[in-house]
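Close look at the chain arrangement
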Amino acid sequence: MPTTLSLLLVGVTDETRAEVERVLLGAGYVPTFEHAQDLPEIQAALANPQSVDLILCEDTGALSCFPDTLVTAQCLDARMPLLILSEEHDSTAAAEAIKAGVSDWIVTHHLHQRLPGTVDRVLRERRRSEEFEQILEESRRRYQDLAEALPQVVFELDANGRFTYVSQRGLDLFGFTREDLERRPLVTTFIAEDERPMALERLGRIFSGENPVEGAEYTAVASDGTKIPSLIYSAPVVQNGRVVGARGILVDMRTIRETERQLRASEERYRRLVETMGDGLVTIDADGVVTFANQAFLDMLELPSDRVLGQHLRVLYGAESAQIVSEQLARRLEGGAPGSYEVT
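Anyway, here's the lowdown on the structure attached to this text. Because the structure is a prediction, the values reported are computed rather than measured. (Residues numbered from 1 in each chain as written. Predicted model: local features only at pLDDT ≥ 70, side-chain atom pairs only at ≥ 80, totals over all residues. Heavy atoms only, no water.)

1. Some thoughts on the packing of helix α1 (residues 14-26) against helix α5 (residues 111-149)
Filter applied, for reference: Angles here are taken between N-to-C directions and fall from 0 to 180 degrees, while the axes themselves are lines fitted to C-alpha atoms, restricted in helices to the stretch in contact. Put simply, DSSP H or I for four residues or longer makes a helix, DSSP E for two residues or longer makes a strand, and each gets a number counted from the N terminus. Each crossing gets its handedness from the near helix: less than a right angle anticlockwise from the far helix is left-handed, clockwise is right-handed. Here, two residues are considered to be in contact whenever any of their heavy atoms come within 4.5 Å of each other. Under the grouping applied here, Gly and all other residues not named as nonpolar or charged are polar, the nonpolar ones being Ala, Val, Leu, Ile, Met, Phe, Trp, Tyr, Cys and Pro and the charged ones Asp, Glu, Lys and Arg.
One can describe the packing of α1 onto α5 by two numbers: an axis separation of 9 Å at closest approach and a directional angle of 65°. Where α1 crosses over α5, the two elements pack in a sense that is right-handed. In this structure, α1 contributes Glu-19, Val-20, Val-23 and Leu-24 to the contact, and α5 contributes Leu-111, His-112, Leu-115, Pro-116 and Val-119. When grouped by side-chain class, the residues that make up the contact of α1 with α5 number seven nonpolar, one polar and one charged.

2. Considering α5
What counts here: One fewer than the residue count of a helix, multiplied by 1.5 Å, yields its expected span. Partly exposed residues are those whose accessible area sits between 20% and 50% of the maximum for their type, while under 20% is buried and over 50% is exposed, using a 1.4 Å probe and protein chains only.
Across its 39 residues, α5 extends 55 Å between first and last C-alpha, which sits within 8% of the 57 Å expected from 1.5 Å per residue. Residues of α5 that are buried: Leu-111, Leu-115, Pro-116, Thr-118, Val-119, Val-122, Leu-123, Arg-126 and Ala-147.

3. Brief notes about the nonpolar core
One recurring pattern in soluble globular proteins is that nonpolar side chains are buried together. Selection criterion: Put simply, a nonpolar core is a bunch of buried Ala, Val, Leu, Ile, Met, Phe, Trp, Tyr and Cys residues held in one set by side-chain atoms that sit within 4.5 Å of each other.
Leu-157, Phe-163, Val-166 and Phe-174 are the most contacted members of the largest nonpolar core, which has 23 residues in total. Within the residue set of this core, elements represented by two or more residues are β6 (153-158), β7 (163-166), α6 (168-174), α8 (196-207), β8 (216-221), β9 (227-239) and β10 (242-252). Those residues in contact with Val-166 that sit more than four places away from it in its chain are Val-153, Val-154, Phe-155, Leu-171, Arg-178 and Leu-181. Residues Leu-7, Phe-33, Leu-83 and Leu-115 belong to the second largest nonpolar core, which totals 19 residues.

4. Some thoughts on the side chain of Arg-202
Note the following rule: For the purpose of counting charges, residues Lys and Arg are taken to be positive, whereas Asp and Glu are taken to be negative. His and the chain ends are not included. Between Lys or Arg on one side and Asp or Glu on the other, a salt bridge is scored when a side-chain nitrogen of the former is within 4 Å of a carboxyl oxygen of the latter.
For Arg-202, the location among the structural elements is in helix α8. Glu-210 provides the closest opposite charge to the buried, unpaired Arg-202, separated from it by 6.2 Å. Aside from chain neighbours lying at most four places away, what touches Arg-202 is Pro-212, Glu-214, Gly-215, Ala-216, Tyr-218, Ile-232 and Ser-234.

5. So, the layout of surface pockets
Convention followed: Here a cavity denotes a set of grid points, spaced 1 Å apart and computed over the protein atoms alone, in which a 1.4 Å probe fits but from which it cannot get out, and a pocket denotes an open set meeting protein on both sides within 12 Å along at least five of seven lines; residues with an atom within 4 Å of a point are reported as lining. Grid points are joined across faces, edges and corners, and a volume is the space filled by probe spheres set on the points.
Its volume calculated, the second largest pocket comes out at about 160 Å³. Residue lining of the second largest pocket: Arg-140, Tyr-143, Gln-144, Glu-156, Tyr-165 and Arg-247, and that is the complete set. Sort the elements by how many residues they give to the lining of the second largest pocket and α5 lands first, with three residues. Looking at side-chain class alone, the lining of the second largest pocket contains two nonpolar, one polar and three charged residues.

6. Examining empty space enclosed by the protein
By the definition in use, this model includes one cavity of 30 Å³ or more. A volume near 330 Å³ is recorded for the largest cavity. Forming the boundary of the largest cavity are 27 residues, of which Phe-155, Phe-163, Val-187, Ile-191 and Ile-232 lie nearest the centre. For the lining of the largest cavity, the leading source of residues is α8, giving four residues. A class-by-class count of the residues in the lining of the largest cavity yields 22 nonpolar, three polar and two charged.

This is the structure:
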């Protein structure tokens, strides 16, 4: 089945156009043409890049059209194929054009041999590029969805240490907006002033390629001056073997710090209760070795702690009492119900 092909002709003569149409029809294409003679017409034709499959630009010597055409095409659609048709076999000009981004350079008296295969190739390349862009866009979307779903702050920096992305959690935490982010603030904006040298030193090591495993603790500062103890993990972003930025997460440590404080307070209350209670309290491991004894227990034995802790029951009790405790301990370890017994 013939393939419809939409071409934008820039500076192409009627004679060349007729030859292009004849060659493409013979190769199974049904070409349609739109003409442009100057930059405004090129821009108008490419206002909707999807309506154009490729651009043919004829370099007649009097009209060197491809520089403006190439710049315009790349600005509007970087994947747009651009073929140069020329009467001259100028290998230097052809090399420079291809180096600048032109898809191919075809001498007009070779149209029959070169044009069909070249059109096939550039259209395949464009389709592959579009498919790759779709895959890349889907990957970006999944990454952003994950970043936005995390309870931590996800961020990215460019090679100058300026933010290029901060998850919504980060914007909310620090009191910034997307408009603030568009101004690309420096990462040190969010770090307490006395900790900035340390942060810059670590960032310099990351930009040199180091990938630290451990996080670093900083005092982050919100827009209203609120200080936020933070743990930051970051790693270099590498493209084509070169570090182009950094990516990381920030953990708000305030909840963790409060939990630690409450745990320490609870442990202190328990310690005071155990140490001041009138009953003796002792803990014993599975081998019958004392691992803890409160002051009341030490007073009962009339021994200092260094004579009790780490000692086996046989040392502290007589043989008969030690045997009773050992049997009771075995029952506990087997999942038996707690009980009471007397030892001396």
